[in-house]
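# Residue-level structural notes
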Amino acid sequence: MDPVNVFLDSDIAVVTLSNPPVNAINQQVRKSLMDVVKTLEIDEKVKGVVLEGEGANFVAGADINELGEAPKSPFLPDVLDAIEMSSKPWVASINGNALGGGLEIAMACHARVAASGAKLGMPEVQIGVIPGAGGTVRLPRLVSMSNAIRMITGGKPVSSQYAAELGLVDLVTPDDPKTEAIKLAKEISESGNHVPTVSRTLIGCAEVDWDAEQQKLIKRTRGAIAPLEALGCLKENENASVGDAMRKARDTFLALAQGQQASALRHIFFAEKAAGKSLRDLDALPSDLSCVGVIGGGTMGASIATALLLSGLTVILIERTREASEAAMSRVRDNLNASAQRGIISEQTATSTFARLTVSDDYCDLVGCSLIIEAVFENIDVKREVFATLDEVVDRNAILATNTSYLDVNDLATSSRYPDRVLGLHFFAPAHVMKLLEIIRGRYTSEVALATGAALARKLRKISVVSGVCDGFIGNRVMSAYRRECEFMLEEGATPAQIDAAMRNFGFPMGIYEVQDMSGLDIAWAQRKARRYAMDGSVRYSRISDQLCEAGRLGKKAGRGWYNYEQGQAGVDDPEVVKLICEESKAAGYFRREFSEHEIMERIVTTMQSEGMQILEEGIAENADDIDVVMVNGFGFPRHRGGPMYMCKS
Ligand code: NAD
C-alpha cells in the first residue's frame, strides 16, 4: 500500500500519511511524500494542501530502526524544504500525536490545526539525538525561544491546547481537524499570503540567559549529551543564517545518531518495549480489575492505592485499626494533592479520584475484589496471616499479590489454600510515580494470576518485567550485591562521599549512601539480622553498616546515617563515620589506599554485571535486557549508558 494518499476536496488536496501503527517516517514515506509535493506543485487544480495522518496519530516520529544506519535519500530536511517553499499553502491537520519528525513536518507547513486530544512534542533527546530536520530552527519562530528550549531539551510533549497558547498551532478543535484545516487552506490560498516558517523572526531570543540555561541542563541531564547539543543548535539561530543553523542541526543530528549514547538509548527504548513479552503470549484471561483491594496503607500501600486510583480503578484499602486507616487515608490524599500541585491532575480530578477510595479495618469489605495486593510489614508471619485471612473472606478465584521486597513468594503462597492464585507484584517507591513493576512468577503461580498482573501493569501504564523467585528478585538482588561491594571499597580505603560522587558523576541521580540515608538503614539491617548473613567468616562480610545502625545512625530521619545532617549534609564525609570505617579497615586487616572514580565505578558496574549473569544462569530474569530495564527504571542507572548488561556488550 502506498504510504501517502491524495484526494481532492474541490480545489484543496488532502494528503494522508499512512504507515501503521503510528505513521513513522521512513525512507519510503519520505520518497512518496516528496513525489506528492512535486506533483501537487504543478497541478493547477490544486490551490492548497492539507496534510494529515491516518488513524489515531498524525506522525509519531521517525522510524527509530533507521537511526543507526546511514541516511537514505530523500532526506527529511529536503522534503520539508519543498513543502515550506511550495507556492501553495500547506496546512497540517494534526489529528493525533505529532512527535519528533512528525512535528517537524507540521512546522514546515504554513499553518496548523490540531484535534483537542493531540500531543505535540520533540522527544528526540530521549533517544540521544536532536531534531534533525529543522526543528531547532522552526520551533523558536513559532513559540518563544525559552519555550523552544524547554520543549526540545526536555523532550516532553505538550497538549494541543497548550501548544495553541504557545503559538505552535493556529486552531484547536474537538472535532476532526481536517474540516477546519481545509477551510483554513482555502482562506490562506485566497489571501495569497503564506509565509514560510523559516522567514518568520525569532521570538524572545534576547531574553534568554544562555549560560544559565546551560548550567541548569548540565545539572539535570547528568552526562547525557543530546540536550546540551540541542541547546547549542537553538543558540545558533541567534547569529547564524537560517541555512547555517539548519546545517549545524543536521550535522549534529547525524553525528549523535551514530554515537554511543544514542545507541545505548535505542537499546533501552527497545528493551522497554520488549519487556514483559512472555506475559503478552499468555492464553489465560485476566481477572476483572474494576475493584482492587490493598492491604496495608503505609508508605507503599498508600502509594500503590494512589497509582490504582489515578488509573481510574476503585480501591478498597484495609488497615489494622481505625487510627491506622485514617493515617492511610491522609497519605493517599497527600499523594493526590501532590500530583495536583505538580500539574499531573487538576484539583477537581484529585477530589473525584479520592472518592473512589474506601478505607476500612474490616477484611470482609474486600469481598467484591478480584485482585488484592498486600503491602503490610516486611515480616513473613504477618504476611502469612494476611493470606490465611484472605482465604476466608474473598472468592476462591480472587488473585492475591504480595509487594514483598525480599521474602520468599513460594513460601508465602503456601499460606493460602490455593497457592496458584499467588504472585508477587513488586512496586517501586513511590508506586504512583515510578514506572517499573516486577511481576514475580512463583513456583505455583497460575497463568490467570500472571495475566492479571500483566493486565494491571498495562492499566497502570507501567513497564513490567517478569522475575523468578530469589532473594530480592532482579533489582534488589543486584542492588544488594553492589551495596556489599561498595562497603568492601570502604574497608579498602574509599569514603562514602567519594563513592557517592563517583556514582553521581557517572550519571546516577544520587549515590548509594545518600539513597540509604534517605530511605533509612533499618530495613536492610533487619533483613541482614534475619538472614544471619554468613557471619562464620566463609564469605566476606563488612560490618560497617551494622555498626552505624547500632550507633543509632539510621539515616536522615535520625539526623545521622552515613552523613551527619545536624552539622553537615549528604555528600560530605562525617569524620566520625570515616573514623569508624578506618577502624573497621584495620580490624579486617586492610591497608587503606586511594580509589579513583574510575575504579569505583568499574567495581560497581562489574558487580552488577556478574550478579546479572548469575540471575540469568538461574533463570530468574528472562533475558539480559530485562535486567537493564530494571536497573534503569528502578535504580537510577543512567539511561544514556543503556544499563549494566548493555555495557558488557558495548
Ligand atoms: P510500612 O511500615 O510503611 O507500612 C506497612 C503498613 O501495613 C502499616 O501501615 C501497617 O499498619 C499495615 N499493616 C500491618 N499489618 C497489617 C495487617 N495485618 N492488616 C492490615 N494492615 C496491616 O511499610 P512499607 O514501607 O509500606 O512496606 C510495605 C511492604 O512493601 C513491605 O513488604 C516492603 O518490603 C514492601 N516494599 C517497600 C518499599 C519501600 O520503599 N518502602 C518498596 C517496595 C516494596
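The sections below set out a description of the structure shown in this document. In this text, all values refer to a predicted model and were calculated from it rather than measured experimentally.

It is worth spelling out the site of the ligand at this point. Around the ligand, the structure places 23 residues, and the nearest of them are Met-300, Glu-319, Glu-378, Lys-383 and Ser-405. In the environment of the ligand, an oxygen atom lies 2.7 Å from a nitrogen or oxygen atom belonging to the backbone of Met-300. Within the side chain of Tyr-363, an N or O atom sits 2.9 Å from a nitrogen atom of the ligand. Its free accessible area being 830 Å², the ligand has 80% of it covered by the protein chains. Split by residue class, the shell around the ligand holds eleven nonpolar, eight polar and four charged.

Moving on, we get to the environment of Glu-323. Residue position: Glu-323 is located in helix α14 (residues 322-341). When the C-alpha atoms of Glu-323 and Asp-361 are compared, they prove to be 9.5 Å apart, with 38 residues separating the residues in sequence.

This paragraph deals with the sheet that holds strand β8 (residues 119-121). Sheet strands line up and pair through hydrogen bonds in the backbone, either parallel or antiparallel. On the basis of which strands lie adjacent, the open sheet formed by four strands has the order β4-β6-β8-β9 and mixed pairing. Each edge of the open sheet is held by one strand with a lone partner, namely β4 (57-59) and β9 (158-159). Taken together, the two bridges between β4 and strand β6 (residues 97-99) define a ladder with parallel strand orientation. Looking at the pairing, Val-59 lines up with Ala-98 of β6. Sitting on the sheet, helix α3 (residues 101-108) is in contact with β4, β6 and β8, with an inclination near 95 degrees to β6.

Okay, the packing of aromatic side chains next. Taken as a whole and assessed by the stated rule, the structure comprises six aromatic pairs. Ring geometry for Phe-506 against Phe-508: centres 6.1 Å apart, planes inclined by 25 degrees, an arrangement best described as stacked. Residues Phe-506 and Phe-508 agree in their burial class; the two are buried. Ring plane angle 80 degrees and centroid distance 5.7 Å describe the contact between Phe-506 and Phe-637, whose orientation is recorded as edge-to-face. Here the residue Phe-506 occupies a position in helix α20 (residues 496-506), and Phe-637 occupies one in the loop between α26 (624-634) and α27 (644-649), the gap between them amounting to 131 residues.

Here the focus is the nonpolar core. One broad rule of soluble globular proteins: the nonpolar side chains tend to lie buried together. Val-15, Leu-33, Leu-51, Trp-90, Ile-94, Leu-139 and Leu-168 are the most contacted members of the largest nonpolar core, which totals 68 residues. No other element matches the six residues that helix α1 (residues 27-42) contributes to this core. Of all hydrophobic cores here, the second largest spans 53 residues; its members include Ala-275, Ala-502, Tyr-513 and Ile-581.

Attention now goes to unusual backbone geometry. Glycine aside, negative phi is the norm for most residues, and most peptide bonds take the trans geometry. Omega for the bond connecting Ser-73 with Pro-74 falls within 30 degrees of zero, at 0 degrees, which places this linkage in the cis form. Examined against the element boundaries, Pro-74 turns out to sit in the loop between β4 and α2 (76-84). Of note, the phi angle at Ser-10 is positive, near 45 degrees, even though the residue is not glycine. Within the secondary structure, Ser-10 is located in the loop between β1 (4-9) and β2 (12-17). Notably, Asn-23 is not glycine yet its phi reads approximately 60 degrees, a positive angle. One can find Asn-23 in the loop between β2 and α1.

Turning our eyes to something else, we now look at helix α16 (residues 380-393). Compared with an ideal rise of 1.5 Å per residue, which puts 14 residues at 20 Å, α16 spans 20 Å between its outermost C-alpha atoms and is within 8% of the ideal. Of the positions making up α16, those classed as buried are Lys-383, Val-386, Phe-387, Leu-390 and Asp-391. Down the axis of α16, the smallest arc covering the buried residues is 145 degrees, so these residues share one side. Exposed residues pointing more than 90 degrees away from the buried face of α16 are listed as Asp-381, Glu-385 and Glu-392. Buried-residue contacts for α16 involve β11 (291-295), β14 (371-374), β15 (399-402), α17 (409-413) and β16 (422-427). Taking the backbone nitrogen of Asp-381 as reference, a side-chain oxygen 2.8 Å away marks Asn-379 as the first, capping residue of α16.

A word on the packing of helix α5 (residues 145-154) against helix α9 (residues 226-236). Here α5 crosses α9 at 150 degrees, and the two axes come no closer than 9 Å. In terms of their interaxial angle, α5 and α9 are classed as roughly antiparallel. In the packing of α5 onto α9, the handedness of the crossing is right-handed. Along the contact surface, α5 presents Met-145, Ala-148, Ile-149, Ile-152 and Thr-153, while α9 presents Pro-227, Ala-230, Leu-231 and Leu-234. Its residues assigned to classes, the contact of α5 with α9 shows eight nonpolar, one polar and no charged.

Read from one edge of the open sheet, eight strands run β13-β12-β11-β14-β15-β16-β17-β18, paired in mixed fashion. A single partner strand is all that each edge strand has here, and the edge strands are β13 (357-360) and β18 (463-467). Taking each pair of neighbouring strands and ignoring which way they run, the sheet shows an average axis angle of 25 degrees. Where strand β17 (residues 436-440) and β18 come together, five bridges link them in parallel fashion. Residue pairing for β18: Glu-438 is matched across the bridge by Val-465. Most of the contacts of α16 go to β15, to which it runs at about 170 degrees, and overall it touches β11, β14, β15 and β16.

To continue, consider helix α10 (residues 242-258). Because an α-helix completes one turn every 3.6 residues, residues spaced three or four positions apart along the sequence face the same direction. Compared with the 24 Å implied by 1.5 Å per residue over 17 residues, the 25 Å span of α10 between its first and last C-alpha is a close match. Those residues of α10 that fall on the buried side of the exposure criterion are Ala-245, Ala-249, Arg-250, Thr-252, Phe-253, Leu-256 and Ala-257. One face of α10 carries all of its buried residues, which in axial projection span an arc of 165 degrees. Exposed side chains of α10 directed beyond 90 degrees from the buried face belong to Asp-251, Ala-255 and Gln-258. Contact partners of the buried residues in α10: α2, α4 (135-138), α9 and α11 (260-274).

The rules behind each value
Residues numbered from 1 in each chain as written. Predicted model: local features only at pLDDT ≥ 70, side-chain atom pairs only at ≥ 80, totals over all residues. Heavy atoms only, no water. Near = heavy atom within 4 Å. Polar contact = N/O pair within 3.5 Å; in protein donor to acceptor, adjacent residues only side chain to side chain. Areas by Shrake-Rupley, 256 points an atom, 1.4 Å probe, with all protein chains shown as cover. Nonpolar A, V, L, I, M, F, W, Y, C, P; charged D, E, K, R; others polar. Helix = DSSP H or I, 4+ residues; strand = E, 2+ residues; numbered from the N terminus. Pairing = 2+ DSSP bridges. Contact = heavy atoms within 4.5 Å. Axes fitted to C-alpha atoms, helices over the stretch in contact; angles between N-to-C directions. Phe/Tyr/Trp six-rings, centres within 6.5 Å; stacked < 30°, edge-to-face > 60°. Buried < 20%, exposed > 50% of the residue type's maximum accessible area, 1.4 Å probe, protein only. Core = buried A, V, L, I, M, F, W, Y, C linked by side-chain atoms within 4.5 Å. Expected span 1.5 Å × (residues − 1). Arc of directions from axis to C-beta. Parallel < 35°, antiparallel > 145°, perpendicular 65-115°, else oblique. Left-handed = near helix turned anticlockwise from the far one by under 90°.

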